[in-house]
Amino acid sequence: MKNAVNDGVWSGSWVAERLGVALVGDDGLPALLGLALRRNPKRAHLLVSNVLGKHVPQSPSVVYDHGLRLGRRVRDLLGEAETATAVVLGYAETATGLGHAVADGLGSAPYLHSTRRPVPGVSAAGGFEESHSHATTHLLLPEDPALLAGAGPLVLVDDEFSTGNTVLNTIRDLHERHPRRRYVVVALVDMRSPEDSARMERFAGEIGARVDLIAAASGVVRLPEGVLEKGQRLVADCEAAGRRSAEAGGAHAAEPHAAPSRTPSRAHQPARVDLRWPPGLPDGGRHGFTPHHRGRLEAALPAMADRIRHALPAGARRVLVLGCEELMYVPLRLAHALEQATDAEVRFSTTTRSPVLAVDDPGYAIRTRLVFPAHDDPADGPGERYAYNVAGGGFDAVVAVVDSVADTPALHAPDGLLARLAAHAPHVLLAVVPSYVPHAPERPAMLPEPLRGPAFSSYAPEEVGWLLQDLSAVTLEAPTEEREEAIQSGGAHYAESLPVEYQPSEQYQELFHAALEASAARIARAVGVVTETVIAELPHSRPRSGGGTSVPRPVLVSLARAGTPVGVLMRRWAQFRHGLDLPHYAVSIVRGRGIDTNALRWLAAHHDPRDVVFVDGWTGKGAITRELAQAVEEFEAKEGIGGFDPEIAVLADPGSCVRTYGTREDFLIPSACLNSTVSGLISRTVLRDDLVGPHDFHGAKFYRELAGADVSVAFLDAVSARFPEVADTVEVAVKELSAADRTPTWAGWRAVERISEEYGIDDVNLVKPGVGETTRVLLRRVPWKILARAGAGADLDHVRLLAEQRGVPVEEVGDLPYTCVGLIHPKYTRGATGADGKAVNL
């Protein structure tokens, strides 16, 4: 074999002839791209770049120059001022080196690339899915979280643009966290359809940002009907023929279409090249690469390349520098510097995890492949890795460049990468770059103690400790309509601001007190049932550190703020019925952002996590139930602290989302009728990067100025006063409940999905089921309409009054599973937050 691209023969002609695939577009496309067949159930063909340095060995000058030129075009587009604030983000694994070269072309831009390699101790600042890829999940792991938090342009770099889905998914995720006005998308080739291009334009309008695109060439891939199935059959036929040929010729069965090899009989030990890598210099952009880092690398490159040159065998005329999966940029720069320092012909490419069929034909882009086991202990487990167009390339020497995480026994094993290379090149050298370990900022030795009343909240200090920070001095309120637009358009997260506190009219206050008088006993009964269930089901014996056993004492942890009055009432019931003085705290959980991990750390330091019982007011469709379960799992994985049970205990579970509840009826809980004035004068919680640091509790405000309208303690006292009269019925109800099947059915979630479809609402987060959630819609969102169960009585008096005050229609529905459902106005649904709290998937 000469090269994967031969003069006069397009390296995509073999696939084009057999599958009817065609590239249509700029005249330069055939020089940039070839075609191959992929072993991927999602897409039959693979566009193989001739200038990327991934699958096709190429001159490092050509590879680097393409990235630099794209970066300079971005710089010219943005101008000097915006270039100075730009950040470049590249995509793993294929575009990590290209993105870094684009950042070099901008000159002063810091660089980060996504990664598929989790790094212990480094938390993700974002993530997204690449739907068509062989390995789909991308992580963003910047050492400095502020890298992605600026307002300057974000430049996103990929090798090709096929549909644009990956970039849209990325922008959605990051725009929700850190909105910015401008994005620039960069690729070697833009192969989107007109529909895909129009979709990106619509998306830019929806989020209120400018999205520009720069590509070296553009066109479209024309695919005939049934190409996926036809391609899969062709791959299967070719692989079967390759196995038969290998068996007949005695070649290694795992390397069909490779040139004849000299398979080593023992583990390969290559010559090592000591690069003398600069201490503390990152090995790439996985955790961020700054202009300062760039300057250090530029200064060190000539000497490192010279060490490689001296290690090459005498007379080597053709040399391959081979990078390793995401490690593309450093090997590329070493190859580029080596190319300038030697008369040998230097080529550059990298290994990959993407499985592609190899066919030894001049009209096919992947002529040969080497197959070897993964050698960097990947998170998704062992698997095959590949090096394409290396066998048969006529290389006198191959310089394998890996990071130290990948320098493992598997790399040196008899079937490892180095042995595979040694079978096809007379000399193999190994250069190991130290894997950069981010410097984790030191945590404070101690987190602050909980805030308590009367300094923070109108509750007595023993009633609840707030694991929050006081943001009372910060102006966070925004008009409801303005806030709704920002939330739904993706311009802001709901937890970054506060709604203006609703000031109830005299008529509404009268309704609250009437509802409280009518329902106090019902609430007291539900409080007793859920508290008794919690106490009964907590493990009854646990070894003490000094020996013996201890009586269980639940640690009540309310989800602020709706859960806080319920937690106080449960604490009061435990005192009334059992003489227990239960600890009670309130913590913040934010949909789409998770629970306050610093609060969990404080709880784990002061209590046994197994004693913690999370408390909330009620369930709607169960979004917070799912959010808490995911957050606790992620906390345990990151912190290594286990024992927290994500099960939530609630007063009412109309959505059938939990096992521990006081009732599953959907009835009026008066604490849902008001905001802070029934919740200790505390706002809902706030999570905003400029106010809440990585070691801070989430924030909230104490509305001291509303003390004259505060009914928080009055609500608690009215319910507690009914404890004696419901005690006997509670005992009976608990026995009945303990014998019942309490398995969640998630009926509420299914009902919400049905309502969403019936009313043409694309986002289930705009459907708020139950009396409590409907009240919240009327108090703090932009309501569209209210669905009320036909025949619902006094439980909905306050809902009808609020709806009348805001001019919202109330529609009676016969088969509604809830007493009522609030529908948020879908005016801005196209950019609304989706079911995962982030964004609607395309």
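Nothing here was measured: the structure is a model prediction, and the numbers come from that model.

A.B. asks: Just to check I follow, could you spell out the packing of helix H8 (residues 291-311) against helix H9 (residues 329-341) for this structure?
C.D. replies: In helix packing, the relevant descriptors are the interaxial angle and the interaxial distance, both defined with respect to the helix axes. Their axes nearest at 8 Å, the elements H8 and H9 cross at an angle of 65°. Accordingly, the angle class assigned to the pair H8 and H9 is roughly perpendicular. Crossing of H8 over H9 shows right-handed handedness. Where H8 approaches H9, its residues Leu-297, Glu-298, Leu-301, Met-304, Ala-305, Ile-308 and Arg-309 are matched on the opposing element by Tyr-329, Arg-333, Leu-334, Ala-337, Leu-338 and Ala-341. The residue inventory of the contact of H8 with H9, partitioned by class, reads ten nonpolar, no polar and three charged.

A.B. asks: When you look at the confidence of the model for the protein in this model, what are you seeing that I'm missing?
C.D. replies: It should be kept in mind that the predicted coordinates are not to be read in detail where pLDDT is low. Summing up the model confidence of the protein, the mean pLDDT is 84 and the portion of residues at 70 or higher is 87%. Here residues 1-5 is modelled with pLDDT under 50, and outside its nearest four sequence neighbours on either side it reaches 21 contacts, counting other chains as well. Predicted confidence for residues 829-842 stays below pLDDT 50, and this span has 44 contacts to residues more than four positions away or in other chains.

A.B. asks: Sorry if this is basic, but what is going on with unusual backbone geometry here?
C.D. replies: Glycine aside, negative phi is the norm for most residues, and most peptide bonds take the trans geometry. Each neighbour pair has its own omega, and for Ala-92 with Glu-93 the value is -10°, a cis peptide bond. With respect to the element layout, Glu-93 can be found in the loop between strand E4 (87-90) and helix H4 (96-106). Residues Ala-560 and Arg-561 are joined by a peptide bond in cis, for which omega reads 5°. Looking at the element boundaries, Arg-561 is found in the loop between strand E24 (555-560) and helix H14 (563-578). One non-glycine residue with positive phi stands out, namely Asp-377, at about 50°. With respect to the secondary-structure elements, Asp-377 resides in the loop between strand E14 (369-373) and strand E15 (384-388).

A.B. asks: I would appreciate a short explanation of H8 in the present structure.
C.D. replies: In an α-helix, one turn spans 3.6 residues; hence positions three or four apart end up facing the same way. An ideal rise of 1.5 Å per residue puts 30 Å on 21 residues; H8 measures up with 30 Å between its terminal C-alpha atoms. Most pronounced at Leu-301, the bend in H8 amounts to some 40°, and the proline Pro-302 follows within four residues. Considered for burial, the residues of H8 that qualify are His-293, Arg-294, Leu-297, Ala-300, Leu-301, Met-304, Ala-305 and Ile-308. Contacts from the buried residues of H8 go to H4, strand E11 (271-273), H9, strand E16 (397-403) and strand E17 (427-433).

A.B. asks: Is there a simple way to think about the packing of aromatic side chains in this case?
C.D. replies: Working definition: an aromatic ring pair is given by the centre-to-centre distance plus the angle between the planes. Under the defined criterion, the tally for this structure stands at twelve aromatic pairs. Both rings, one in Phe-289 and one in Tyr-329, keep their centres 6.3 Å apart while their planes meet at 70°; by these two values the pair is edge-to-face. Of this pair, Phe-289 sits in the loop between E11 and H8 while Tyr-329 is found in helix H9, placing the two residues 40 residues apart along the sequence. With respect to class, Phe-289 is no different from Tyr-329; both count as buried. On the basis of an interplanar angle of 70° and a centroid distance of 6.0 Å, the ring pair of Phe-635 and Phe-644 is categorised as edge-to-face. Phe-635 gets classed as buried once you look at its relative accessible area, which sits at 2%. Of the aromatic side chains, those joined through ring pairs into one cluster are Phe-456, Tyr-459, Trp-466 and Phe-702.

A.B. asks: Looking at this model, I keep getting lost on helix H15 (residues 597-606). Mind explaining?
C.D. replies: Within the sequence span of H15, burial applies to Asn-598, Ala-599, Leu-600, Arg-601, Trp-602 and Leu-603. Looking at the buried side of H15, the elements it contacts are E24, strand E25 (584-590), strand E26 (594-595), strand E27 (612-618) and helix H16 (623-639). Measuring from the backbone nitrogen of Asn-598 back to the side-chain oxygen at the start of H15 gives 3.0 Å, which picks out Asp-596 as the cap.

A.B. asks: Sorry, what's going on with the sheet that holds strand E34 (residues 820-824) here?
C.D. replies: Two orientations exist for strands paired in a sheet by backbone hydrogen bonds: parallel and antiparallel. Pairing within the open sheet is mixed, and its four strands lie in the order E31-E34-E32-E33. In the strand order of this sheet, the two ends are held by strand E31 (767-769) and strand E33 (810-813), each with one partner. In this sheet, neighbouring strand axes are inclined to one another by 20° on average, regardless of whether the strands run parallel or antiparallel. Where E31 lies against E34, three bridges are found, and the strand directions are antiparallel. Bridging across to E34, Pro-769 finds its partner in Val-821. Across the face of the sheet, helix H19 (residues 747-758) comes into contact with E31, strand E32 (783-789) and E34 while running at roughly 140° to E31.

A.B. asks: What should I look at first to understand the pairing of strand E2 (residues 33-37) in this one?
C.D. replies: On any regular strand, side chains alternate: one points to one face of the sheet, the next to the other face. The element E2 is largely enclosed, with a buried count of five among its five residues. Note that E2 and strand E3 (residues 45-49) share five bridges and pair antiparallel. Among the inter-strand pairings, Ala-36 is bridged to a residue of E3, identified as Leu-46.

A.B. asks: Please clarify how the nonpolar core should be interpreted in this entry.
C.D. replies: Inside soluble globular proteins, nonpolar side chains tend to come together where they are buried. In terms of nonpolar packing, the biggest core is built from 102 residues, with Trp-466, Leu-603, Phe-614 and Phe-715 touching the most fellow members. Among the elements that take part in this core, helix H13 (residues 506-537) stands out by supplying eleven residues, more than any other. Counting 86 residues, the second largest nonpolar core, distinct from the first, contains Val-63, Ala-103, Val-221 and Val-235.

A.B. asks: I keep staring at the sheet that holds strand E12 (residues 318-323) and nothing clicks. Help me out?
C.D. replies: What the five strands build is an open sheet, ordered E11-E17-E16-E12-E13; its pairing is parallel. Where the open sheet ends on each side, the last strands, each with one partner, are E11 and strand E13 (345-350). Taking the axes of each pair of neighbouring strands and ignoring which way they run, one obtains an average angle of 25° across the sheet. Lying on the sheet, H8 is in contact with E11, E16 and E17; it crosses E11 at an angle near 160°.

A.B. asks: Before we go on, may I ask you to explain the side chain of Asp-403 in this structure?
C.D. replies: Note that Asp-403 resides in strand E16. By relative accessible area, which is 3% here, Asp-403 ends up buried. A polar contact of 3.4 Å, which involves the side chain of Asp-403, links it to the side chain of Ser-435.

Analysis parameters
Residues numbered from 1 in each chain as written. Predicted model: local features only at pLDDT ≥ 70, side-chain atom pairs only at ≥ 80, totals over all residues. Heavy atoms only, no water. Axes fitted to C-alpha atoms, helices over the stretch in contact; angles between N-to-C directions. Helix = DSSP H or I, 4+ residues; strand = E, 2+ residues; numbered from the N terminus. Parallel < 35°, antiparallel > 145°, perpendicular 65-115°, else oblique. Left-handed = near helix turned anticlockwise from the far one by under 90°. Contact = heavy atoms within 4.5 Å. Nonpolar A, V, L, I, M, F, W, Y, C, P; charged D, E, K, R; others polar. pLDDT = per-residue confidence, 0-100. Expected span 1.5 Å × (residues − 1). Bend = angle between axes of the 7 residues up to and from the residue. Buried < 20%, exposed > 50% of the residue type's maximum accessible area, 1.4 Å probe, protein only. Phe/Tyr/Trp six-rings, centres within 6.5 Å; stacked < 30°, edge-to-face > 60°. Polar contact = N/O pair within 3.5 Å; in protein donor to acceptor, adjacent residues only side chain to side chain. Pairing = 2+ DSSP bridges. Core = buried A, V, L, I, M, F, W, Y, C linked by side-chain atoms within 4.5 Å.

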